[in-house]
Amino acid sequence: MDSVEVSLLTCAPGTEIWSQYGHTAVRWHDKQRGGTDVAINYGVFSFDAPHFVVRFILGLTDYELGVIPYDVFRAQYQEYEKREVYEQVLDLDNEDKETIFRALQDNLRPENVVYRYNYFYDNCTSRARDLIITHLRHTVAYPPTQASDNLSYRELLHACNGNTPWTQVGEDILLGLKADRPTTQAQRQFLPAHLQADFDRTTYQGKPLVKETRKVVSVAGGEVSAPAPVFTPNACALVFLLLSVVVWAIEWRRKQIFWGWDLLLMVLAGCIGLLLTLMVFSQHPCVSLNLLILVFNPLPLLMAYRATRRTMRQQADPWWTIWAIMIVFGLFGRVFQYYPPAVVVVALILLCNSAIHPLLQRRRMVGVARKLRENG
């Protein structure tokens, strides 16, 4: 083991959605001539697996451990991914290396090589950390945390996808109440950059855990980031609001509800609601308890035919009052759970559209009563 180096490999974020948070692997390098030099990667998966998207939504995705030649791993990030990679060489003695090697052999057994992936609690970064830290003979001393470090899972993700607002809004819609709770230091290490930073300041047996840091993959121009979209979710929500105001003004002037507009809003809210309802049964953490389900749920799809039919006949329907009450309670949930501004705007549009129904119905009835008095 004297010639063996054990390193943590941290890969910079990429432009694809699944790569925006970076990646972590472990390098086992025997520097003797003809020695082993491999990358230990817990992030192997296939998009071609049956029902991949559905299984991923439900938290039933299986990842597996892959061991590939280090040169292949490095070339992938240099030539194909075009993402920088940093290597932190760990200061370990031979007994610790032997223990890690035996743990790796155990992980490579057929019954252990596949694991149920959990993005926050059991992912490719936390697995790489555990392969090292949990198999050391002594306890490591992580750097002390500050009060400002107690970010929530949602805030941690925001720091990673600030340049991709559509991704951020999509995650904010799916993440529920639990995602806004403060995280511990160990929980924050599900992100490669946080684990890398903690390793830099960690001590083991009275000395730094990392004895050397190298940039093993350099990319021209530095880290690559996704281009900012021209049409952001907030801009889209404002355009939607302006269009809604125009529709409501015409409806008020004509004293007539446009049933097609109602149908569009109910289908939009109902489809988002179907996804949030599916999240209730997901094994992903932080998505099952989502207060947005009071605003976006499948009920509008169930009520669409009846409500539209009554609107076409200019008949009142209690559904609009019921939905308005649900939306009000849902917006009150903003006190406990973060809602993206664009989603708040859409919720207010749904609320105002529900409120205009009884208002116009009352206005029509007042107009009819006035005509009756004039004719009487």
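Preceding this paragraph is the structure being described.
Residues numbered from 1 in each chain as written. Predicted model: local features only at pLDDT ≥ 70, side-chain atom pairs only at ≥ 80, totals over all residues. Heavy atoms only, no water.

**Digging into the sheet that holds strand E5 (residues 85-90)**
Sheet strands line up and pair through hydrogen bonds in the backbone, either parallel or antiparallel.
So, step 1. In space, the 7 strands of this open sheet follow the order E6-E4-E3-E2-E1-E5-E10, with antiparallel pairing throughout. Looking at the sheet topology across the chains shown, the edges are occupied by strand E6 (114-116) and strand E10 (210-217). Recorded for the sheet is a direction-independent mean angle of 25° between the axes of neighbouring strands.
So, step 2. Pairing geometry for strand E4 (residues 62-69) and E6, over 3 bridges, is antiparallel. For glutamate 64, the partnering residue across the bridge sits in E6 and is valine 114.
So, step 3. Helix H8 (residues 192-200) contacts strand E1 (4-11), strand E2 (23-30), E5 and E10 of the sheet and is inclined by roughly 35° relative to E5. (Pairing = 2+ DSSP bridges. Helix = DSSP H or I, 4+ residues; strand = E, 2+ residues; numbered from the N terminus. Axes fitted to C-alpha atoms, helices over the stretch in contact; angles between N-to-C directions. Contact = heavy atoms within 4.5 Å.)

**Examining the state of the cysteines**
So, step 1. This model, assessed by the stated rule, comprises 0 disulfides.
So, step 2. The thiol sulfur of cysteine 236 is not disulfide-bonded, and the nearest other cysteine sulfur, from cysteine 271, lies at 15 Å.
So, step 3. Residue cysteine 236 is classed as partly exposed on the basis of its relative accessible area, which comes to 31%.
So, step 4. Taking the relative accessible area as the measure of exposure, cysteine 271 reaches 44% and is therefore partly exposed. (Disulfide = S-S within 2.5 Å. Buried < 20%, exposed > 50% of the residue type's maximum accessible area, 1.4 Å probe, protein only.)

**A few points about helix H6 (residues 165-174)**
Owing to its 3.6 residues per turn, the α-helix aligns residues three or four sequence positions apart on the same side.
So, step 1. Where burial is concerned, most of H6 is hidden: 7 out of the 10 residues are buried.
So, step 2. Within the span of H6, buried status applies to Pro165, Thr167, Gln168, Val169, Glu171, Asp172 and Ile173.

**What to know about the sheet that holds strand E9 (residues 207-208)**
So, step 1. The strand order across the open sheet built from 3 strands is E7-E8-E9, with neighbouring strands paired in antiparallel fashion. Either end of the sheet is taken by a strand with one partner, and the two such strands are strand E7 (140-141) and E9.
So, step 2. Sheet topology places E7 next to strand E8 (residues 203-204); 2 bridges connect them, and they run antiparallel. Bridge pairing links valine 140 to tyrosine 204 in E8.

**Quick look at the pairing of E2**
So, step 1. Burial analysis of E2 places 8 of its 8 residues in the buried class, the great majority of the element.
So, step 2. The alternating pattern of E2 places His23, Ala25, Arg27 and His29 on one face and Thr24, Val26, Trp28 and Asp30 on the opposite face, and all of these are buried.
So, step 3. Summarising the sheet, E2 and strand E3 (residues 37-44) pair through 4 bridges and their orientation is antiparallel. Residue pairing across strands places tryptophan 28 opposite valine 38, the latter belonging to E3.

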